[in-house]
Amino acid sequence: AEGMVRKVHGGVEYTVPQGCEENWNSGFTTRLQRNCEAKVAIAEKALALLEEDDVAFLDSSTTCLHLARAIRASSLHRLTLVTNSNAIANEFPSFPSSFTLISLGGSYNPQLNSFLGGMTRDAVQHLRLRKVFLSAVGVSVDGAFTFHENHAAFLRELVEQGGEGVLLADASKFGREALFRICGLERLHVVVSDPLLQAAPRAWLAAAGCAVH
């Protein structure tokens, strides 16, 4: 009655009052416009972690979409990209023909603009990924978090399969948690953030053995 929450598919979400920080559990289009400059800078730094003939997973985050765009404009020639992102798959026709895309199907999630569920998780069991690029809505000393149960389970399995886990997260994500934990910091190899990342999160990451870029 007071307009503090609104009903969404599968539950409710908090409605941020006018003048307060924008809701961080928002749709894909809204998130694509948020902290755009930092995400582009993070994507450029993450690009340096890729090598010719890599097999890399890119998740459905807006930061990974920026990474995909950086890859398309780069000097790399031979990459295999695996993704459950509808946005990245839609942009792939503009990639060089020497690139390979493996697009994972499943149940479409409109808020994440991605495919998730049992079919998606079954598909990646047959793949050997060298690098797993992912993001999160929150990162704390206890790990990386998301609002979506299927999303957390899917990314957790990818990180645990043995590929090098690379978390892409701007400084605004740190010091927050959400309902579902993706993984602990010790499961990540590299965290790529922006210069605004504070000393405390850098200390958590160092203690967990994560390289910070």
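Here we summarise the structure given alongside this text. Values in this document were obtained by computation on a predicted structure and should not be read as measured data. (Residues numbered from 1 in each chain as written. Predicted model: local features only at pLDDT ≥ 70, side-chain atom pairs only at ≥ 80, totals over all residues. Heavy atoms only, no water.)

With that out of the way, let us pick up the pattern of salt bridges. Enumeration according to the criterion identifies six salt bridges in this entry. In this structure, the salt-bridge partner of Arg130 is Asp54, at a minimum N-O distance of 3.6 Å. Within this pair, whereas Arg130 is found in the loop between α5 (118-124) and β8 (131-134), its partner Asp54 is found in the loop between α2 (36-47) and β3 (55-58), the two being separated by 76 residues in sequence. Of the residues examined, Arg130 reaches a relative accessible area of 45% and is grouped as partly exposed. Between Arg72 and Glu91 there is a salt bridge, with its nearest N and O atoms 3.1 Å apart. Placement of Arg72 in helix α3 (residues 62-72) and of Glu91 in helix α4 (residues 86-91) is noted, with a sequence separation of 19 residues between them. Connected through shared salt-bridge partners, Asp54, Arg130 and Lys131 make up one network. (Salt bridge = Lys/Arg side-chain N within 4 Å of Asp/Glu carboxyl O. Helix = DSSP H or I, 4+ residues; strand = E, 2+ residues; numbered from the N terminus. Buried < 20%, exposed > 50% of the residue type's maximum accessible area, 1.4 Å probe, protein only.)

All chains considered together, the criterion is met by four aromatic pairs. Where Phe57 meets Phe154, the ring centres are 5.7 Å apart and the plane angle is 75°; that geometry is what we call edge-to-face. With a gap of 97 residues between them, Phe57 in strand β3 and Phe154 in helix α6 (residues 149-160) connect regions that are remote in the sequence. Classification of Phe57 as buried rests on a relative accessible area of 0%. For Phe154, a relative accessible area of 1% corresponds to the buried category. Members of the aromatic cluster, joined through ring pairs, are Phe92, Phe95 and Phe99. (Phe/Tyr/Trp six-rings, centres within 6.5 Å; stacked < 30°, edge-to-face > 60°.)

Grouped together as the largest cluster of nonpolar side chains are 29 residues, with contacts concentrated most on Phe57, Leu134, Phe154, Leu158, Leu167, Ile182 and Leu188. Those elements that provide at least two residues to this core are β8, α6 and β12 (180-183). Of all the elements, α6 adds the most residues to this core, at five residues. Residue contacts for Leu188: discarding those within four places in its chain leaves Leu134, Gly165, Leu167, Cys183 and Cys210. Within the second largest apolar cluster, 27 residues are counted, among which are Ala43, Leu65, Ile71 and Val190. (Core = buried A, V, L, I, M, F, W, Y, C linked by side-chain atoms within 4.5 Å. Contact = heavy atoms within 4.5 Å.)

As defined by bridge partners, strand β9 (residues 138-140) adjoins strand β10 (residues 143-146) across three bridges and the pair is classed as antiparallel. The partner of Ser140 across the bridge, within β10, is Gly143. Hairpin connection between β9 and β10: a loop of two residues separates the two successive antiparallel strands. (Pairing = 2+ DSSP bridges.)

Moving on, we get to unusual backbone geometry. Of note, Asp53 is a non-glycine position whose phi angle comes to about 70°, a positive value. Checked against the element boundaries, Asp53 lands in the loop between α2 and β3. In this structure Asp53 comes out as partly exposed when scored by relative accessible area, which is 40%. Of note, the phi angle at Asn113 is positive, near 55°, even though the residue is not glycine. Tracing the backbone through its elements, the reader meets Asn113 in the loop between β6 (107-109) and β7 (114-116).

A word on the sheet that holds strand β5 (residues 100-103). If you trace the seven strands from one edge of the open sheet to the other, you get β5-β4-β3-β8-β11-β13-β14, paired in parallel fashion. Each end of this open sheet is capped by a strand with a single partner; those strands are β5 and β14 (211-212).

It is worth spelling out the sheet that holds β12 at this point. With respect to topology, three strands assemble into an open sheet ordered β9-β10-β12, the strand pairing being antiparallel. The sheet terminates laterally at β9 and β12, the two strands that pair on one side only. Strand-to-strand twist in this sheet, taken as the mean axis angle between neighbours without regard to direction, amounts to 35°. As paired elements, β10 and β12 share three bridges and run antiparallel to each other. Residue pairing for β12: Phe145 is matched across the bridge by Arg181. Along the sheet, α6 contacts β10 and β12; its crossing angle with β12, the most-contacted strand, is approximately 15°. (Axes fitted to C-alpha atoms, helices over the stretch in contact; angles between N-to-C directions.)

Remember, this is a structural readout, not a statement about activity or role.
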